[in-house]
Amino acid sequence: MRRAGRHRAAVGVGAVVVAVVATACFGAPPPPPPPPPPPPPQAQPCLSVGAASPTAGRDEPSRPPSDRPIPPQEAGARARDVAATTGVRNKNGEIPIVTVEEKGGRPQITSTPVRSPDEAASVAEQKAADGDLHAVDVDRPVKALANPNDPLFAQQWSFTEVPFVAAWAADGSQGAGVTVADVDTGVLANHPDLAGQVLTGHFFLHDNSGGTSFDGPGGTTDPSGHGTHVSGIIAANSNNSTGISGTAPGVKILPVQVLCGDGSGFTSDVANGITWAVDNGAGVINLSLGGGAEASELSAVQYADQHNVVVVAAGGNDGTNGPASYPAAYSAPGNNVIAVAATTNASPPGHPSYGTSGNKAGYLDLSAPGGAACGCGSSGDVLSTWNDGGYNSIAGTSMATPHVSAAAALLLAHGNCTADQVKTRLKATATNLGSANQFGAGMVNPQLAGTTCP
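Small disclaimer: the values here were computed from a predicted structure and weren't measured.

**Q** Describe the packing of helix H4 (residues 164-171) against helix H8 (residues 397-412), with residues and values.
**A** At a minimum axis distance of 11 Å, the contact between H4 and H8 shows a crossing angle of 15°. One finds that H4 runs roughly parallel with respect to H8. Every pair of crossing elements has a handedness; the one defined by H4 and H8 is left-handed. Together, Phe164, Ala167, Trp168 and Asp171 of H4 and His403, Ala406, Ala407 and Leu410 of H8 make up the contact between the two elements. Per-class residue counts for the contact of H4 with H8 are six nonpolar, one polar and one charged.

**Q** For the packing of aromatic side chains, give the residues involved together with the corresponding values.
**A** Working definition: an aromatic ring pair is given by the centre-to-centre distance plus the angle between the planes. The tally for this structure, following the rule as stated, stands at four aromatic pairs. Taken together, a centroid distance of 6.0 Å and an interplanar angle of 65° make the contact between phenylalanine 159 and phenylalanine 164 edge-to-face. Taken as a pair, phenylalanine 159 and phenylalanine 164 share a single burial class, namely buried. Taken together, the ring pairs connect Phe153, Phe159, Phe164 and Trp168 into an aromatic cluster.

**Q** Report on the sheet that holds strand S3 (residues 95-103), specifying residues and quantitative values.
**A** Reading across the sheet, the three strands line up as S4-S3-S5 and stay open at both edges, with antiparallel pairing between neighbours. If you trace the sheet from one side to the other, it starts and ends with strand S4 (106-114) and strand S5 (133-138), each paired once. Between one strand and the next, the sheet's axes are offset by a mean angle of 20°, whatever the strand orientation. Sheet analysis places S3 next to S4, joined by nine bridges and oriented antiparallel. By the bridge assignment, glutamate 102 is partnered in S4 with proline 107.

Scoring rules and cut-offs
Residues numbered from 1 in each chain as written. Predicted model: local features only at pLDDT ≥ 70, side-chain atom pairs only at ≥ 80, totals over all residues. Heavy atoms only, no water. Axes fitted to C-alpha atoms, helices over the stretch in contact; angles between N-to-C directions. Helix = DSSP H or I, 4+ residues; strand = E, 2+ residues; numbered from the N terminus. Parallel < 35°, antiparallel > 145°, perpendicular 65-115°, else oblique. Left-handed = near helix turned anticlockwise from the far one by under 90°. Contact = heavy atoms within 4.5 Å. Nonpolar A, V, L, I, M, F, W, Y, C, P; charged D, E, K, R; others polar. Phe/Tyr/Trp six-rings, centres within 6.5 Å; stacked < 30°, edge-to-face > 60°. Buried < 20%, exposed > 50% of the residue type's maximum accessible area, 1.4 Å probe, protein only. Pairing = 2+ DSSP bridges.

What follows is the structure in structure tokens.
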């Protein structure tokens, strides 16, 4: 069993250094001028923006405009229904009701805060009295799709290929409430960019001969860096002015160490790790590793499927017509594995030379950013957290896999999708990139996947 990452970058990305220039002053400085008088008070803007919950009203159906004027009695009934059923409130606790009148061939849109459904009905009836009211609805909150303020975010090119930020704006949860198990080399839990994100996990390891097994609580250290890198892609704290942003920063990471510091291990440990993760609350299991087929690992994957846990696995780094990589190659109905191929940072995204492809790779389901075409430590590799407390760029299907795990977590955060439906939904909404034996159904697209599994 081996991890599916490839080639540590020649130069890792370390701490951001800020230069501070000191200036010396000789003699007493002149006294500062008196401060200017304060400006007159201004009206506070945005009193009608922002519900108590950023998701309030997000899933409520809109009321389309009518192609005819709405009579006052009907308008009142619509407004009363809107006000009685919406969860949207402004900062004063009022319900913002929107009316659309047609004045001179163009819409006149008014937002009126009301305290009750009856008041909403009264407003709508008055607007309809002139015979030009065409719509009544609630003034829902919106927000700018601003990128996180993490200083290394600009180097995370995967966010330009996969619309995670737009998905967060529609989703509202960023994966909150979902636990993703990172079955790997462990995770550096005290990394500054993973603070509060990593739960106490477990380890399953054999000695080098495979003769003696060890297990126990842990998983929160990482002798390799690989597991920490994978977890950062998923769950690094976002918008915290530190390092990078995770792609589903609302999730919690459950670390399960099954690989040693050199990235190697045994399938029996992986199988035990999968089973333990299922029993300890994982909604998604990330497997950025691969090897040959083995019965215990297949049994563990099927156990996850029986318990409605999504399993996401690296498609392999063995090149064109390389051997199938398991557990990704268990991708089939009844096994519920999502097999992930890597893409490059080209435009349009390409297939890297290291990625397993060809006739033997018919098991691939989805693609996600994995690193430069050569996987040789270039600036096109994937930047994430590292086990020295800093950051590093590496490439491989290991790096692609956590992007799909994050997309799965965004779907699961709303509690209305089964594991099988998550796989189906992500494949159905993927962006086609070409050959299925290179890219599967295409690039994962959490924005198109939305928040439900119809």
